[in-house]
Amino acid sequence: VVSTQKNIRRRVYDALNVLMAMNIISKDKKSIRWLGLPTNSAQECHNLEVEKHKRTERIRAKTAQLQELILQQIAFRNLVERNRRNEAENGKPSPASCVRLPFIVVNTNKQTVVDCAISNDKFEYLFNFSDAFEIHDDIEVLKRMGLAFGLEKGATSRENLDKAAGMIPAALEPYLRAMASSSGAANCSASIVATPTGVHGKGWVTPVVSVMAPRVASAVMQSAANYEKLADSNTLIASRLAELGQEERFSAEQA
């Protein structure tokens, strides 16, 4: 019996040594860890290329999201200053002349028949258009008002670029400079055109009919304090995204 146990133990050790030599397991004292089945070099190279492509795509998506947050930060800061100047010159606007964020603008031809149904809790709105229409979100409107300094199109002056750099954390300035020197940031704001043949994205056109929140009477106005909170939140989010982007880029380079 003793001889049989020793024989079994020796065979187990031999099998473990073979598995360790093939880099399938690792052994540390009495602890054994599974590493995985071996692959050939071509397969391993292919797997690394696939992983690198996935991480590169994630970096690209995070970069686009970071650029959009930078534009939002700049647009909010400019809107704060714009509202402050208007309040200093004309006094505080009445609540009826303010547009609260967030909002959307719907554009269509003035001959279009629009049916609107509202849910009982007023959280859902159903629009039925007889002709093509466009939907733009608040950030797209701020961009079209020039509050992003034209950075979304890669068309900004050096003076405005320096102003924009002062509105964001120093760690994000390289991304800002990259946007200014390229064709612009990837557009993540909503700008949608719906036609009888389908729905697709499109640029801004002169609005014929604008449907927004109730009691809209003038251009976008809001208290500076609320916009500063939004801008500060964007700063924190953008900074974290920049850190994540650096981590992903380092991982992709290692792969």
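Keep in mind the model is a prediction, meaning the values are calculated, not measured.

Further remarks concern the pattern of salt bridges. Throughout the structure, instances matching the rule amount to eight salt bridges. Here Lys163 ties to Glu159 by a salt bridge, and the two come within 3.8 Å at their closest N and O atoms. You can see Lys163 and its partner Glu159 sitting in helix 4 (residues 158-165), four residues apart, about one turn around the helix. For Arg177, the salt bridge identified is with Asp162, shortest N-O distance 3.7 Å. A residue pair is termed long-range when its members are at least 10 positions apart, and Arg177 in helix 5 (residues 173-181) and Asp162 in helix 4 qualify at 15 residues. Classification of Asp162 by relative accessible area gives partly exposed; the value is 44%.

What follows is about the pairing of strand 2 (residues 31-34). The side chains of a regular strand alternate, residue by residue, between the two faces of the sheet. As paired elements, strand 1 (residues 25-28) and strand 2 share four bridges and run antiparallel to each other. By the bridge assignment, Ser26 is partnered in strand 2 with Arg33. Adjacent in sequence and paired antiparallel, strand 1 and strand 2 are bridged by two residues, among which Lys29 carries a positive phi angle near 55°.

Criteria and cut-off values
- Residues numbered from 1 in each chain as written.
- Predicted model: local features only at pLDDT ≥ 70, side-chain atom pairs only at ≥ 80, totals over all residues.
- Heavy atoms only, no water.
- Salt bridge = Lys/Arg side-chain N within 4 Å of Asp/Glu carboxyl O.
- Helix = DSSP H or I, 4+ residues; strand = E, 2+ residues; numbered from the N terminus.
- Buried < 20%, exposed > 50% of the residue type's maximum accessible area, 1.4 Å probe, protein only.
- Pairing = 2+ DSSP bridges.

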